[in-house]
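Listed below are the residues making up each chain.
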Amino acid sequence: MKLKEHETGLAVGAMMAVVHTVWAALVWLNVAQPFLDWIFTIHSLANPNFVLPFNLAASLTLVGTTFVIGYAFGLVFANIWNRVAKK
């Protein structure tokens, strides 16, 4: 099965952007710190990090950057898949 590179990039980029949009929303709603503490706890770790106050510019940068990185990963993955996978 051949993957379409552009569409795969868009799908992976969109998924990464959605995940980070949810994170930004958790920060905005002031529930990110308890969530992060819980995640560390269920992994039997102490959380050395703290969540900063919500910053719209930083959140938009986060979502945009993760979309671009996700798009690049999806594009590279599809390219490698198309070269390696048997037709």
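Everything below is about the structure printed above this text.
None of these values were measured; they are calculated from a predicted model.

Student: Would you explain helix α2 (residues 32–42) in this entry?
Tutor: Residues three or four positions apart in an α-helix share a direction because the helix packs 3.6 residues into each turn. For α2, the set of buried residues is A32, L36 and F40. The buried residues of α2 all sit within an arc of 70° when viewed along its axis, so they share a single face. More than 90 degrees from the buried face of α2, the exposed residues found are P34 and T41. Lining the buried residues of α2 we find α1 (5–28). Backbone geometry just downstream of α2 places S44 in the positive-phi region, at approximately 60°.

Student: I'm lost on the environment of T21 in this one. Help?
Tutor: When you line up the elements, T21 lands in helix α1. Classification of T21 by relative accessible area gives partly exposed; the value is 41%. Taking the C-alpha atoms as reference points, T21 and V84, 63 residues apart in sequence, are found 33 Å from one another.

Student: Looking at this structure, how should I read a nonpolar patch on the surface?
Tutor: Taken together, W28, L29, V31, F54, L56 and L60 make up a surface patch of nonpolar side chains, about 630 Å² in accessible area. Mapped onto the elements, L60 comes out in helix α3 (residues 56–84). Here L60 falls in the exposed class, since its relative accessible area comes to 56%.

Student: Is there a simple way to think about the packing of α1 against α2 in this case?
Tutor: The description of two helices packed together rests on the angle between their axes and the distance between the axes. Axis separation between α1 and α2 bottoms out at 7 Å; the angle between their running directions is 120°. Every residue of α2 that contacts α1 at W23, L26 and V27 is listed here: A32, F35 and L36. Grouping the constituent residues of the contact of α1 with α2 by class yields six nonpolar, no polar and no charged.

Rules used in this analysis
Residues numbered from 1 in each chain as written. Predicted model: local features only at pLDDT ≥ 70, side-chain atom pairs only at ≥ 80, totals over all residues. Heavy atoms only, no water. Buried < 20%, exposed > 50% of the residue type's maximum accessible area, 1.4 Å probe, protein only. Helix = DSSP H or I, 4+ residues; strand = E, 2+ residues; numbered from the N terminus. Arc of directions from axis to C-beta. Contact = heavy atoms within 4.5 Å. Patch = residues over 30% accessible without salt bridge, like charges linked within 9 Å, V, L, I, M, F, W, Y side chains within 5 Å. Areas by Shrake-Rupley, 256 points an atom, 1.4 Å probe, with all protein chains shown as cover. Salt bridge = Lys/Arg side-chain N within 4 Å of Asp/Glu carboxyl O. Axes fitted to C-alpha atoms, helices over the stretch in contact; angles between N-to-C directions. Nonpolar A, V, L, I, M, F, W, Y, C, P; charged D, E, K, R; others polar.

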